[in-house]
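# Commentary on secondary and tertiary structure
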Amino acid sequence: MPSSPLFTPLALGRYKLAHRVVMAPLTRMRAGVGNVPNVLAPDYYSQRATPGGLIIAEATQVTPYGQGYPSTPGIHSAEQVAGWKKVTDAVHARGGTIFLQLWHVGRASHSSFQPGGVLPVAPSAIAITSQKSFTPEWKQVLYETPRALELNEIPGIIDAYRQGARNAFAAGFDGVEVHAANGYLLEQFLHSSSNTRTDSYGGSVENRARLLLEVTQAVTEIGGKDRVGVRLSPFNVYGDVGDDDPIALYSYVLTRLTEIDVAYAHMIVGREGPGFDGESPPEIDALHPFWHKPLILAGGFNGETAEETVKSGRADAIAFGRYFIANPDLPHRLKISAPLNPYDRKTFYGGGAAGYTDYPALEAKPPAHRRDAITHNNTNLFLLESSL
Ligand SMILES: Cc1cc2nc3c(=O)[nH]c(=O)nc-3n(C[C@H](O)[C@H](O)[C@H](O)COP(=O)(O)O)c2cc1C
């Protein structure tokens, strides 16, 4: 069998990956008290670790103000750092590399998550109207109109990311990924539809990109630019974002990220948000001339399309989301073209071991049913898939 381009090494920042099948960041809403990764998280991640493989751990709030969903983990308390350390130790024990995705949801929150019950913050006081928010009790309610950040509050936001990166490295992560995709705070600043500011953080492409670039620069100063990546979703419209000229915006962003010299860019190719099943917009190719470092693409790939995409040079690695949830041994299965376990949307968010640590690897018997360690509401939350 000719060797697949997915299974050739890739230099990514300071790391040498053994293959190009990346685990995409995947929110699972199973964190415990204090938004600490739960007791099953080390198992979940280590099941998916491979020698020289890259895992990007789920979006993790850098500040309590950055939370927008129940039971998502944080990286702003000592308990959270200790919880994540167990995860990174377990992944490292299997020879894997693991980055943490740094998250602030901005307006995609609700006052019930905010310390003191204040309004969530955003670039501009524009509410999300096409989706609903969660509360910490897993109720779905209308999004509120957020409060526009004052200019003098911006350094505090950058500090939160800086501290998140510091904590991530203290927790043993090999790197961090700045989450600038999927309708959250940094993308709210980037896109013209959610940012109507008239100060130096709004208006022109340069101004709208400023916060992302300042956050990225700050984070590189914590652990080194060779272990920072940035996730972008140029054509995303979920979370009521959307830009009137994505090529102009993202060609500028990629040019500036090249100057900052981050380890990789990670782009979601779908127009309709994460977890989509549609066609990738052809415009993504228009951005290629602006990025010459490792490029990870994600969104709707299977083994065949991943292989073709890497072979054609359109990406250096492919991140898999849903298939990695359902196939702990995904790289092995892709390597030998084995069939994939189907994923079960009902267990994507919330709950315990079911749909988390009990998907079988090839040639392994499914583990005996394990009583869930966590007992919060495991309602059918598949609709949320579109918003993360
Ligand atoms: C359950 C679930 C949770 C997700 N959580 C995140 C997340 O925390 N951060 C993020 O950037 N994208 C998130 N996404 C998007 C995925 O990383 C990925 O881009 C998307 O699922 C498309 O890839 P796929 O077709 O291989 O699933 C999530 C998607 C799903 C299905």
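Notes on the structure follow.

Procedures and definitions
- Residues numbered from 1 in each chain as written.
- Predicted model: local features only at pLDDT ≥ 70, side-chain atom pairs only at ≥ 80, totals over all residues.
- Heavy atoms only, no water.
- Helix = DSSP H or I, 4+ residues; strand = E, 2+ residues; numbered from the N terminus.
- Buried < 20%, exposed > 50% of the residue type's maximum accessible area, 1.4 Å probe, protein only.
- Contact = heavy atoms within 4.5 Å.
- Expected span 1.5 Å × (residues − 1).
- Phe/Tyr/Trp six-rings, centres within 6.5 Å; stacked < 30°, edge-to-face > 60°.
- Near = heavy atom within 4 Å.
- Polar contact = N/O pair within 3.5 Å; in protein donor to acceptor, adjacent residues only side chain to side chain.
- Areas by Shrake-Rupley, 256 points an atom, 1.4 Å probe, with all protein chains shown as cover.
- Nonpolar A, V, L, I, M, F, W, Y, C, P; charged D, E, K, R; others polar.
- Salt bridge = Lys/Arg side-chain N within 4 Å of Asp/Glu carboxyl O.
- 1 Å grid on protein atoms, 1.4 Å probe; cavity = no way out; pocket = protein on both sides within 12 Å on 5 of 7 lines; lining within 4 Å.
- Points joined across faces, edges and corners; volume = space filled by probe spheres on them.
- Arc of directions from axis to C-beta.

### Here we look at the environment of Lys225
Within the fold, Lys225 resides in the loop between α5 (205-223) and β11 (228-232). Residue Lys225 is classed as partly exposed on the basis of its relative accessible area, which comes to 40%. For the pair Lys225 and Tyr264, spaced 39 residues apart in sequence, the C-alpha to C-alpha distance is 9.7 Å. Dropping the residues within four chain positions of it, Lys225 is found in contact with Thr220, Ile260, Asp261, Val262 and Ala263.

### Remarks on unusual backbone geometry
Of note in this structure, Asp240 is not a glycine but carries a positive phi near 60 degrees. With respect to the helices and strands, the residue Asp240 is situated in the loop between β11 and α6 (246-260).

### Side note on helix α3 (residues 154-170)
Between its terminal C-alpha atoms α3 stretches 25 Å, which fits the 24 Å expected from 17 residues at 1.5 Å a residue. Among the residues making up α3, those that are buried are Ile154, Ile157, Ile158, Ala160, Tyr161, Gly164, Ala165, Asn167, Ala168 and Phe169. Looking at the buried residues of α3, the elements they touch are α2 (78-93), β5 (97-103), β10 (175-180), α4 (185-190) and α5. Phi for Gly172, located one or two positions after α3, is positive at around 95 degrees.

### Points about the packing of aromatic side chains
Counted according to the given criterion, the structure contains 14 aromatic pairs. Residues Trp103 and Tyr184 carry aromatic rings whose centres are separated by 5.3 Å and whose planes lie at 90 degrees to one another, so their mutual orientation is edge-to-face. Taken as a pair, Trp103 in strand β5 and Tyr184 in the loop between β10 and α4 lie far apart in primary sequence, 81 residues in all. Here the two residues Trp103 and Tyr184 agree in accessibility, since each one is buried. Aromatic pair Phe134 and Trp138: ring centres 6.3 Å apart, planes at 80 degrees, arrangement edge-to-face.

### Quick look at the site of the ligand
Around the ligand, 20 residues are found, and the nearest of them are Thr27, Gln101, Arg231, Gly300 and Arg322. Between the ligand and Ala59, the relevant distance is 3.2 Å, taken from an oxygen atom to a main-chain nitrogen or oxygen of the residue. One of the side-chain N or O atoms of Arg231 is found 2.7 Å from an oxygen atom in the ligand. For the ligand, whose unbound accessible area comes to 610 Å², protein coverage reaches 99%. Of the residues in the shell around the ligand, the class split is 9 nonpolar, 8 polar and 3 charged.

### So, the environment of Pro73
By the element assignment, Pro73 lies in the loop between β4 (54-61) and α2. Pro73 gets classed as buried once you look at its relative accessible area, which sits at 1%. Separated by 14 residues in sequence, Pro73 and Ala59 have C-alpha atoms that sit 7.8 Å apart. In contact with Pro73, not counting residues within four places along its chain, are Ala31, Asn35, Pro37, Glu58, Ala59, Thr60, Gln61 and Trp84.

### Some words on the pattern of salt bridges
Under the definition given, this model contains 12 salt bridges. The salt bridge partner of Arg162 is Asp159, with a shortest N-O separation of 2.4 Å. Of this pair, Arg162 and Asp159 both sit in helix α3, separated by 3 residues, roughly a single helical turn. Judged by relative accessible area, Arg162 falls into the partly exposed class, the value being 25%. Among the residues examined, Asp159 registers a relative accessible area of 41% and is labelled partly exposed. With a shortest N-O distance of 2.7 Å, Asp261 and Lys293 are connected by a salt bridge. A residue pair is termed long-range when its members are at least 10 positions apart, and Asp261 in the loop between α6 and β12 (264-268) and Lys293 in the loop between β12 and β13 (295-298) qualify at 32 residues. Among the charged side chains, a network of salt bridges with common partners joins Lys225, Asp261 and Lys293.

### A word on empty space enclosed by the protein
Under the criterion given, the structure shown has 2 cavities of 30 Å³ or more. Counted as a void, the largest cavity has a volume near 50 Å³. What lines the largest cavity is Arg28, Met29, Arg30, Ala31, Pro37, Asn38, Ala41, Tyr45, Glu58, Pro73, Trp84 and Tyr356.

### Re helix α7 (residues 303-311)
For α7, the set of buried residues is Gly303, Ala306, Thr309 and Val310. Axial view of α7: buried residues confined to an arc of 135 degrees, hence all on one face. Relative to its buried face, α7 has exposed residues pointing more than 90 degrees away, namely Glu304 and Lys311. Against β13, β14 (317-320) and α9 (330-335) lie the buried residues of α7. Residue Asn302 occupies the N-cap position of α7, its side-chain oxygen lying 3.0 Å from the main-chain nitrogen of Glu304. A positive phi of about 85 degrees marks Gly313, the residue just after α7.

From the geometry alone we can't say anything about function, so treat these as descriptive.
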